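One letter stands for each residue in the lines below.
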Amino acid sequence: MTEAQIITLIKRHYAVHVDSVEFFREGGCVSYIAFGAGEKYLLKIVNKAFMDTVKQSVHIMTFLAGHDFPVPRIISAADGRCYIATTDHDCERICILFTFIEGREPGLGERMEETGELVGRLHHLMSRYGGSLTVHDKAFFIDRYIDILRRKAYPEIKLARYIEYGDALWESVKALPRGFCHGDLHRGNLLLTPSGQLYLLDFDTSCLGFPAYDAMVICDATDYFYFDPGGFDRATRIYGEFLNGYTRHHSITDAERDAFYSLIAIRHYQLQATIVEMNGLDCIGEAFIDRQLDWLMRWREQCSKVALH
């Protein structure tokens, strides 16, 4: 959509004044900042492939906002809807308008105890959520990536190592408590305002899964692309700080605490699959897949050595 089309769309459906828009970022959707009358808004435009998950996120954010949880507020359209549907050149989309919150992404390890409190509040509050949630199980976390490797004709001898470790990882976490999971709780989905308040963003991958997965993602201080032995200790320290805040609002079992390291490895399977699904089967090659396998095998070895002490 052009800038003029976006401005027209906002004027037609919302009781806000907008003079200009500028591109903000693109992932599973495209976001723009809209300006007018001294105000700023965030417009999210979602294509058909992601409509169901985004509609789910709208319901979640409305629920959280209704309980004074720090998320961006959705601006209702003139007819009261939380989002509007539009078609452009036979492409179906939905658009959501938010208040714009000034802030920045926190640094690695910054404000982790407060972040833990925020996530603990989130999980505690969402335990009372009555809406439906997409279920994420082994098929999502492990098997999607294995299927992609098969479709890429990745060599069987190396694929077998991915399969064996994936099965072992799942065996170690499958009995963990299930509940609401944000699903993508990296630092880019946290916002630290100039006044020091933390906001939580982007609920598009929320699911019924492992709450412990959220704790892992935000505390994972390893280098995703290149194995660094020091990542284990960094992640452990940050995780400890996070849990100091988290457990003030939501309980965590010993099994969930111990699963932190397995979940870090599981994220490699999950995130690789998501990257390929978003960018196409050819976005990664055998050399990159090999490096990820090496990362996982070295991580497995390090975790085994630590467990022996």
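This text goes with the structure placed above it.
Everything numeric in this text was worked out from a predicted model, so none of it was measured.

The rules behind the values
- Counting restarts for each chain: residues are numbered from 1 in the order of the written sequence.
- Only residues with pLDDT of 70 or above have their local features reported here, since the model is predicted, and side-chain atom pairs are shown and tallied only from 80 upward, although totals for entire chains, interfaces and linings are computed over all residues.
- Note that water and hydrogens are dropped before the side-chain values are worked out from all heavy atoms of the structure.
- Within this scheme, the nonpolar core is defined by two criteria: the residues are buried Ala, Val, Leu, Ile, Met, Phe, Trp, Tyr or Cys, and they are joined through side-chain atoms within 4.5 Å.
- Buried means the residue's accessible area, taken with a 1.4 Å probe over protein chains only, is under 20% of the maximum for its type, while exposed means over 50%, and partly exposed covers the values in between.
- Elements are defined by DSSP. Helices are runs of H or I of four residues or more, strands are runs of E of two residues or more, and each kind is numbered from the N terminus.
- A contact between two residues is defined here by any heavy atoms of the two lying within 4.5 Å.
- Any Lys or Arg side-chain nitrogen found within 4 Å of a carboxyl oxygen on Asp or Glu counts as a salt bridge.

Draft legend 1. A look at the nonpolar core. By size, the foremost hydrophobic cluster in this structure holds 83 residues, and its most contacted members are Leu64, Tyr162 and Leu263. One finds Ile10, Val16, Val30 and Ile84 within the second-largest nonpolar core, a separate group that totals 19 residues.

Draft legend 2. Inspection of the environment of Gly36 at higher detail. Mapped onto the fold, Gly36 is located in strand β2 (residues 30-36). Residue classification places Gly36 among the buried residues on the basis of a relative accessible area of 4%. Between the C-alpha atom of Gly36 and that of Arg178, which follows or precedes it by 142 residues, the distance is 44 Å. Those residues within four positions of Gly36 in sequence are excluded, and the remaining contacts are His17, Val18 and Asp19.

Draft legend 3. Focus on the pattern of salt bridges. What the rule picks out here adds up to 23 salt bridges. Arg248 is the salt-bridge partner of Glu113, the closest N and O atoms lying 2.2 Å from each other. Taken together, the positions of Glu113 in helix α3 (residues 112-126) and Arg248 in the loop between α7 (230-246) and α8 (254-258) put the pair 135 residues apart, joining distant regions of the chain. Given a relative accessible area of 32%, Glu113 falls into the partly exposed group. In this structure, Lys174 and Glu171 form a salt bridge, with 3.0 Å as the shortest nitrogen-oxygen distance. Overall, Glu171 belongs to the exposed group, its relative accessible area being 51%. In the salt-bridge network here, residues are joined through shared partners; they are Lys44, Asp202 and Asp204.

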